[in-house]
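# Structural features, examined
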Amino acid sequence: MDDRISKLPDDILICILSRLTIEEAARASILSYRWRYLWRFFTGCLDFVDPYKIRRLAILSDPYYKCEDNYFIRAKRRNFINLVDPIIGLLQTKSLQQLRICYPVNSDYDVDSWVQFAVDKRVQRLELDFSESKTEGHELHSFSPYFKTTSSFSSLVSLRLIDVDIAEEVLHYLLCYCPLLEVLTLKGAEKLIRIRVSGPSLKLKYLELRDLPNLSNLEINAPNLISFEFCAGELTVNFKHVPSLVEMSIEGDYCTYFVYTLHQFSSFLPQLRTLKLNLMVVSVPEDFLNSIPKFPNLKHLEMTLANGDLDCYHPCVAFLKASPLLQEFTFKLSHTVEPCAYVQNNPDFKYLLSLFLNNPDFCVHVFS
């Protein structure tokens, strides 16, 4: 049988291989001599994710294990390094769609070499998740690339750093000199004290900041920002310029401040279409909630409430009253309360929901 596929130009064959995983692309090298080295020009998604849940396996093998001392853990980590390094060392491609590494690592040297590889290969989407490496009393691995020129990371579209530290000056560089950056997620970074989301040509559309324990000041000047997810303690947040913001999710102690000071955010509240509030740690007086501003364009409201206090329905009532065009309401309760009983025991809440339910386009989701 005539092998017509192998007669295709290299560019087309590489494009085909790049739609596979790197493992599948490498296996294709055995098809014929024509395919032998084509996988080295792979431009797709490099995903190095722990498929075996190393910690869970270690616990099953030794219930008294200590992560850093367990031979099983250290052996698996080294095997992972031995897998990643040769692959990225053999790749000759000039660009890469994605590099994703979600695995426990020990050495900053390994992390630095992977980040430099991402710079050299003009990676579009980069994700580093070292949450499995995080242990009490140990410093986080740092995201500290060596920027040869201001064009380093000029192709970066999405950056996700989970339990990876990053210095303020490095973050400032990325925001200023990554003209294509649209998605930024930072979770668990300990070095960040102040964040200024701003840049002369900033295209950022999706921003997620979570569990940044030392963050004390945040300023957002992002004209293209569409979605903002935030979980933090008490701090100062200045929404300087967010004309495109339509989706917002707030959790943690900052949610208390946000609800108490809603009038300070009148510049963008009317434009919100989706609002998610985790009120697990929020206690707001009923009389205060009677004066909250309107949400004239809000379509989806999600509220998470705590414990079994039947008086905590007041925030829901207040926000429902302030959202005349609401189409979808997601209501989450802790497992200590039956959702149906909660609604039945609160006639005001029940009545308010009935008004919305008369609208055929309105949808209610209740979870516990």
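Check the entry above for the structure.
Attention here is on the structure that accompanies the text. (Residues numbered from 1 in each chain as written. Predicted model: local features only at pLDDT ≥ 70, side-chain atom pairs only at ≥ 80, totals over all residues. Heavy atoms only, no water.)

## Overview of the packing of aromatic side chains
To keep it simple, the criterion reads: Classification of ring pairs uses Phe, Tyr and Trp, with its six-membered ring standing for Trp, and accepts pairs whose centres are within 6.5 Å; under 30 degrees between planes counts as stacked, over 60 as edge-to-face, and the remaining range as tilted. Note on exposure labels: buried denotes an accessible area under 20% of the residue type's maximum, exposed denotes more than 50%, and partly exposed covers the range between, all computed with a 1.4 Å probe on protein chains only.
A full pass over the atoms with the stated rule returns twelve aromatic pairs. Arranged with centres 5.0 Å apart and planes meeting at 25°, the rings of Phe 258 and Phe 265 form a pair that is stacked. Note on accessibility: Phe 258 and Phe 265 belong to one class, buried. Clustering of aromatic rings is evident, with ring pairs tying together Phe 228, Phe 230, Phe 239, Tyr 254, Tyr 257, Phe 258, Phe 265 and Phe 268.

## Brief notes about the pattern of salt bridges
The following threshold applies: Think of a salt bridge as a Lys or Arg side-chain nitrogen and an Asp or Glu carboxyl oxygen that are within 4 Å of each other. Put simply, DSSP marks the helices as runs of H or I at least four residues long and the strands as runs of E at least two long, and each gets a number from the N terminus on.
Counting across every chain of the model gives ten salt bridges. The shortest N-O distance in the salt bridge between Arg 196 and Glu 219 comes to 3.1 Å. In this pair, Arg 196 sits in strand S6 (residues 194-197) while Glu 219 sits in strand S8 (residues 217-221), placing the two residues 23 residues apart along the sequence. Relative accessible area serves as the criterion here: at 46%, Arg 196 is assigned to the partly exposed category. Between Arg 210 and Glu 229 there is a salt bridge, and its shortest N-O distance comes to 3.3 Å. One end of the pair, Arg 210, is in strand S7 (residues 206-210); the other, Glu 229, is in strand S9 (residues 227-231), with 19 residues separating them in the sequence.

## A few points about unusual backbone geometry
When glycine is set aside, most residues are seen to have a negative phi, and most peptide bonds are trans. Phi is positive for Arg 122, which is not a glycine, with a value near 50°. In this structure, Asp 211 is a non-glycine residue whose phi angle is positive, near 50°. Turning to its location among the elements, Asp 211 is positioned in the loop between S7 and S8.

## Points about the nonpolar core
For clarity, the threshold we go by: Working definition of a nonpolar core: buried Ala, Val, Leu, Ile, Met, Phe, Trp, Tyr and Cys residues. They are joined through side-chain atoms within 4.5 Å. By definition in these notes, contact holds between two residues if any of their heavy atoms fall within 4.5 Å.
Among the nonpolar cores identified, the biggest contains 97 residues, and Phe 143, Phe 228 and Phe 230 are the most heavily contacted of them. In contact with Phe 228, other than residues within four places in its own chain, are Leu 207, Leu 209, Leu 218, Ile 220, Phe 239, Leu 245, Glu 247, Met 248 and Ser 249.

## Re the side chain of Thr 330
The condition that has to hold: In protein, a polar contact requires one atom able to donate a hydrogen and another able to accept it; more generally it is a pair of N or O atoms within 3.5 Å, and residues adjacent in sequence count only if both atoms are side-chain atoms.
Counting through the fold element by element, Thr 330 comes out in strand S14 (residues 328-332). One polar contact links Thr 330 to His 300, side chain to side chain, over a distance of 3.1 Å.

## What to know about the sheet that holds S6
As a reminder, the rule being used: Only strands that DSSP links by at least two bridges are regarded as paired with each other. Comment: axis = line fitted to C-alpha atoms, over the contacting stretch for helices; angle = value between 0 and 180 degrees taken between N-to-C directions.
One open sheet accounts for three strands, arranged S6-S8-S10; its pairing is parallel. With one partner strand each, in any of the chains shown, S6 and strand S10 (236-241) form the two edges of the open sheet. Neighbouring strand axes in the sheet, compared pairwise and without regard to direction, differ in orientation by 5° on average. Bridge count for S6 against S8 is four bridges, and the pairing is parallel. If you follow Ile 195 over to S8, its bridge partner there is Leu 218.

## Observations concerning a nonpolar patch on the surface
Quick note on the threshold: Put simply, a patch holds well-exposed residues, over 30% relative accessible area, that have no salt bridge, with like charges counted together within 9 Å and Val, Leu, Ile, Met, Phe, Trp or Tyr side chains within 5 Å. Accessible areas in this description were obtained via Shrake-Rupley with a 1.4 Å probe; residue shielding takes into account the shown protein chains only.
Residues Ile 5, Ile 12 and Ile 16 make up a contiguous nonpolar surface patch of about 250 Å² in total accessible area. Inspection of the secondary structure puts Ile 12 in helix H1 (residues 10-17).

## Looking at helix H5 (residues 108-120)
Rule in force here: How far a helix is expected to stretch is found by multiplying one less than its residue total by 1.5 Å.
Helix length check: H5 (13 residues) gives 18 Å between terminal C-alpha atoms against 18 Å at 1.5 Å per residue, within 8%. Buried within H5 are the following residues: Asp 110, Val 111, Trp 114, Val 115, Gln 116, Phe 117, Ala 118 and Val 119. Where H5 terminates, the next one or two residues include Arg 122, which has phi positive at roughly 50°.

## A word on the environment of Ser 227
Position of Ser 227 relative to the elements: it lies in strand S9. By relative accessible area, which is 9% here, Ser 227 ends up buried. For the pair Ser 227 and Leu 272, spaced 45 residues apart in sequence, the C-alpha separation works out to 9.7 Å. If near-sequence neighbours (up to four positions away) are discounted, Ser 227 is found in contact with Lys 205, Tyr 206, Leu 207, Leu 245 and Glu 247.

## Brief notes about the pairing of S9
Buried residues dominate S9, accounting for four of its five residues. Pairing between S7 and S9: five bridges, direction parallel. Paired with Arg 210 across the two strands is Cys 231, which belongs to S9. As defined by bridge partners, S9 adjoins strand S11 (residues 247-251) across five bridges and the pair is classed as parallel. Paired with Cys 231 across the two strands is Glu 251, which belongs to S11.

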